Amino acid sequence: MLYNNSMEGSIKNVLIVGSGAKEYALIKKLKNYGCNIFVAPGNSMIAEIADCIDIREDNINELLMFAVKNSIDLTIVPSESAIKNNITELFQANDQLIFAPSAKSAEFALSRSAAKKLLYKLKIPTPRFAIFDKPQPAYDYLKNAVMPQVIRTDRNALIQDRLVCTTFASARTFVDDLFSKDEKTVVLEDYVYGHEFTLYVVTDGYNALPLAVVANYKFMEDGEGGILTDGIGAFTPDYKVAKEIENSIMQNVVEKLLVSLQNREIPYLGILGLNCVLKDGGDYVILDFKPFLSDFDCEAVLNLVNENLLTLFHACAIGSFADDYNSINVSDNASVSCVLLSRCEGNIIKGLDMVDCDITYFPIKKNKYLEHETAAGKNIVLTKTAKTLARARKYLYEDIELIDFPAKKYRTDICMQVDNF
């Protein structure tokens with residue numbers, strides 16, 4: 001709940017750094033506040049709703065020059081590339097308000113090996129794991145490993161960077177493929193059966209408040225089969241995660257993380273996502289972290305937030321977060337999201353003008369006739385918000401049927417068992 005609205009309306013110029021679907025969803029939310037929004041670099045779809053600036057997201061010096069020259073009141077950074085290049089410390093050293101973690105504080109959210117080491121050090125439950133920088137020790141480990149094994153690159157990559165392997169042969173082949181593509185570090189961990197979800201928190205580095213609990217769908221096929229992706233669908237609130245579980249994670253995980261980073265004098269400022277698995281017995285494990293909302297669930301989360309995000313993020317940036325907030329005002333509605341993919345590029349996407357759902361775009365393009373054309377892979381995220389999950393799911397899938405393009409791919413079982421929610 002917000003107690004201090006003195007800053008509301010005083011933030012006129014906002015810079016967003018990034019170019020993905022989460023940036024598109026964030027811009028739509030911020031446009032409700034009447035501010036001027038600049039996006040670097042953005043993309044052709046973002047350019048339709050905001051002013052795009054031709055500066056790469058990792059070119060932090062030019063971004064700083066732009067912010068100073070254009071009197072930017074607040075910079076928000078979903079871009080992992082910009083965070084990794086330490087945009088936060090540069091901006092803060094030049095008296096520019098920014099809502100994003102520093103590169104050092106976010107290392108555990110950018111690197112899977114750093115996340116695993118930190119979880120182990122703090123005695124936070126996580127699946128059994130091993131980290132390798134050479135293939136042969138990884139092969140030796142896999143010979144006695146419990147299958148399935150989840151094999152991932154250390155950082156998010158443009159290539160397929162993760163796979164669930166059920167046999168030694170498939171695991172060895174994938175490890176070999178990763179190292180042959182010049183991956184420096186590969187992380188292996190036991191696959192944990194259970195319900196996967198993400199707890200998002202907002203923090204100034206010293207205090208944290210829960211923002212949302214989101215159920216995740218990571219596998220490409222219905223019934224949790226096929227390729228493991230970074231996200232293909234979601235719903236929130238997650239009725240499977242009891243309040244007691246959320247409170248436990250806040251107290252026993254989030255608080256430990258923040259204290260550890262404070263002791264190292266690298267407090268984490270921003271949104272932090274904790275990717276978790278709720279096991280059948282009620283225990284949970286932490287898989288890894290995200291330094292902002294994800295592309296596939298950003299709009300679902302933001303649709304439920306009643307707070308002025310600019311005021312919220314500004315409070316974190318200036319250090320008044322603990323004084324101004326004791327909770328984050330979230331509506332009692334529900335959101336369901338689904339990613340629509342295409343197996344090929346260049347096909348016309350029809351029916352977008354017929355849907356009532358919120359649409360978030362990945363970096364797809366329009367042709368000379370202003371028709372949306374598919375890209376190979378993820379194209380759009382459809383999100384429906386309603387009073388109940390069951391109603392949101394019903395309307396979402398009705399709208400999905402209205403959208404047509406060749407080789408359309410999506411999961412049909414998102415939020416399926418929600419008749420009473």
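Residues numbered from 1 in each chain as written. Predicted model: local features only at pLDDT ≥ 70, side-chain atom pairs only at ≥ 80, totals over all residues. Heavy atoms only, no water.

Asks: Would you mind going over the side chain of asparagine 379 with me for this structure?
Replies: Its location among the elements puts asparagine 379 in strand E19 (residues 377-386). Residue classification places asparagine 379 among the buried residues on the basis of a relative accessible area of 0%. Within the local environment of asparagine 379, its side chain forms a polar contact with the backbone nitrogen of alanine 375, the two atoms lying 2.8 Å apart. Each residue touching asparagine 379, except ones within four places of it in the same chain, is listed here: Leu340, Leu341, Ser342, Ile349, Thr360, Tyr361, Phe362, Ile364, Glu373 and Thr374. (Helix = DSSP H or I, 4+ residues; strand = E, 2+ residues; numbered from the N terminus. Buried < 20%, exposed > 50% of the residue type's maximum accessible area, 1.4 Å probe, protein only. Polar contact = N/O pair within 3.5 Å; in protein donor to acceptor, adjacent residues only side chain to side chain. Contact = heavy atoms within 4.5 Å.)

Asks: I tried to follow helix H11 (residues 309-318) on my own but got confused; where do I start?
Replies: Residues that lie three or four places apart on an α-helix share one face, since the helix turns once every 3.6 residues. Most of H11 sits inside the fold, with eight of its ten residues counted as buried. Among the residues of H11, those classed as buried are Leu309, Leu310, Thr311, Leu312, Phe313, His314, Ala315 and Cys316. With a side-chain oxygen positioned 2.9 Å from the backbone nitrogen of leucine 310, the residue opening H11 is asparagine 308. Positive phi shows up at glycine 319, right after H11, with a value of about 90 degrees.

Asks: Just checking my understanding: could you explain the pairing of strand E13 (residues 270-278) for this structure?
Replies: Within E13, nine of the nine residues are buried, leaving the element largely enclosed by the surrounding structure. Where strand E10 (residues 195-203) meets E13, nine bridges bridge the pair, whose relative direction is antiparallel. Note on E13: the bridge partner recorded for threonine 198 is asparagine 275. Of the strand pairs in this sheet, E13 and strand E14 (residues 284-290) are connected by six bridges, and their pairing is antiparallel. Bridge pairing in E14 links leucine 278 to tyrosine 284. Between E13 and the antiparallel strand that follows it, E14, lie five residues; glycine 282 among them carries a positive phi value of about 100 degrees. (Pairing = 2+ DSSP bridges.)

Asks: Any chance you could explain unusual backbone geometry here in plain terms?
Replies: Where the residue is not glycine, phi is negative for most of them; where a peptide bond is considered, it is trans in most cases. Following methionine 147, the chain continues to proline 148 via a peptide bond in cis, the omega torsion being 0 degrees. Residue proline 237 follows threonine 236 across a cis peptide bond; omega there is 0 degrees. Mapping proline 237 onto the fold places it in the loop between strand E12 (225-236) and helix H9 (243-263). Although it is not a glycine, asparagine 86 sits at a positive phi angle of roughly 65 degrees.

Asks: Got a minute to help me understand the pattern of salt bridges in this structure?
Replies: A pair can form between side chains of opposite charge whenever their charged atoms are brought close. For the coordinates displayed, the defined rule picks out 20 salt bridges. Between lysine 22 and aspartate 295 there is a salt bridge, with its nearest N and O atoms 3.8 Å apart. Here the residue lysine 22 occupies a position in helix H1 (residues 21-30), and aspartate 295 occupies one in the loop between E14 and helix H10 (298-302), the gap between them amounting to 273 residues. Judged by its relative accessible area of 15%, lysine 22 is buried. We classify aspartate 295 as partly exposed; its relative accessible area is 22%. (Salt bridge = Lys/Arg side-chain N within 4 Å of Asp/Glu carboxyl O.)

Asks: Honestly, the sheet that holds strand E3 (residues 51-52) in this entry has me stumped. Any pointers?
Replies: Strands belonging to one sheet form pairs held by backbone hydrogen bonds; the direction of such a pair is parallel or antiparallel. Strand order in the open sheet made by the five strands is E3-E2-E1-E4-E5, with parallel pairing throughout. The sheet is open, and its two borders are formed by E3 and strand E5 (98-99), each paired with just one other strand. Packing against the sheet, helix H2 (residues 60-69) makes contact with strand E1 (13-18) and strand E2 (36-41), and its axis sits at approximately 165 degrees to E1. Its contacts with the sheet place H11 against E1, strand E4 (74-76) and E5, and it is angled at close to 100 degrees to E4. (Axes fitted to C-alpha atoms, helices over the stretch in contact; angles between N-to-C directions.)

Asks: Would you mind showing me how to read the packing of helix H7 (residues 135-143) against helix H8 (residues 168-180) here?
Replies: A packed helix pair is summarised by two numbers, namely the angle formed by the two axes and the spacing between the axes. It is the contact of H7 with H8, at a shortest axis distance of 10 Å, that shows an interaxial angle of 165 degrees. When the axis of H7 is compared with that of H8, the two are roughly antiparallel. Considering how the two elements wind past one another, H7 and H8 form a crossing that is right-handed. Counted together, Pro135, Ala138, Tyr139, Leu142 and Lys143 of H7 and Phe168, Ala171, Arg172, Val175, Asp176 and Phe179 of H8 form the full contact between these two elements. (Parallel < 35°, antiparallel > 145°, perpendicular 65-115°, else oblique. Left-handed = near helix turned anticlockwise from the far one by under 90°.)

Asks: When you look at the nonpolar core in this model, what are you seeing that I'm missing?
Replies: Buried together is how nonpolar side chains tend to be arranged in soluble globular proteins. The biggest cluster of nonpolar side chains holds 77 residues, and the ones touching the most others in it are Leu30 and Ile76. Sorting elements by how many residues they give to this core places strand E11 (residues 208-221) first, with seven residues. Ignoring sequence-local partners within four residues, the contact set of leucine 30 consists of Val14, Ile16, Cys35, Ile37, Ile76, Leu309 and Leu310. Ranked by size, the runner-up nonpolar core spans 51 residues in total, among them Ile87, Ala106, Ile249 and Met250. (Core = buried A, V, L, I, M, F, W, Y, C linked by side-chain atoms within 4.5 Å.)

Asks: What's the story with the sheet that holds strand E8 (residues 162-165) in this structure? I'm lost.
Replies: Taking strand neighbours across the sheet as the criterion, the four strands line up as E6-E9-E7-E8 in an open arrangement whose pairing is antiparallel. Both edges of this open sheet fall to strand E6 (129-132) and E8, since each of them pairs with a single strand only. Taking the axes of each pair of neighbouring strands and ignoring which way they run, one obtains an average angle of 20 degrees across the sheet. As paired strands, strand E7 (residues 149-153) and E8 are joined by four bridges and run antiparallel to one another. Bridge assignment links arginine 152 to a residue of E8, and that residue is arginine 162. Of the strands in this sheet, E6, E7, E8 and strand E9 (186-190) touch helix H6 (residues 112-121), which is tilted by about 135 degrees from E6. Here H7 sits on the sheet in contact with E6, E7 and E9, set at roughly 160 degrees to E6.

Asks: Explain the environment of threonine 360 here, please?
Replies: Mapping threonine 360 onto the fold places it in strand E16 (residues 358-361). Measuring from C-alpha to C-alpha, the distance between threonine 360 and valine 339 comes to 9.3 Å, with 21 residues separating the pair along the chain. The contacts of threonine 360, once residues within four sequence positions are left out, are Ala21, Tyr24, Ala25, Lys28, Glu299, Asn379, Ile380 and Val381. Of note is the side chain of threonine 360, whose polar atom sits 2.4 Å from the side chain of glutamate 299.

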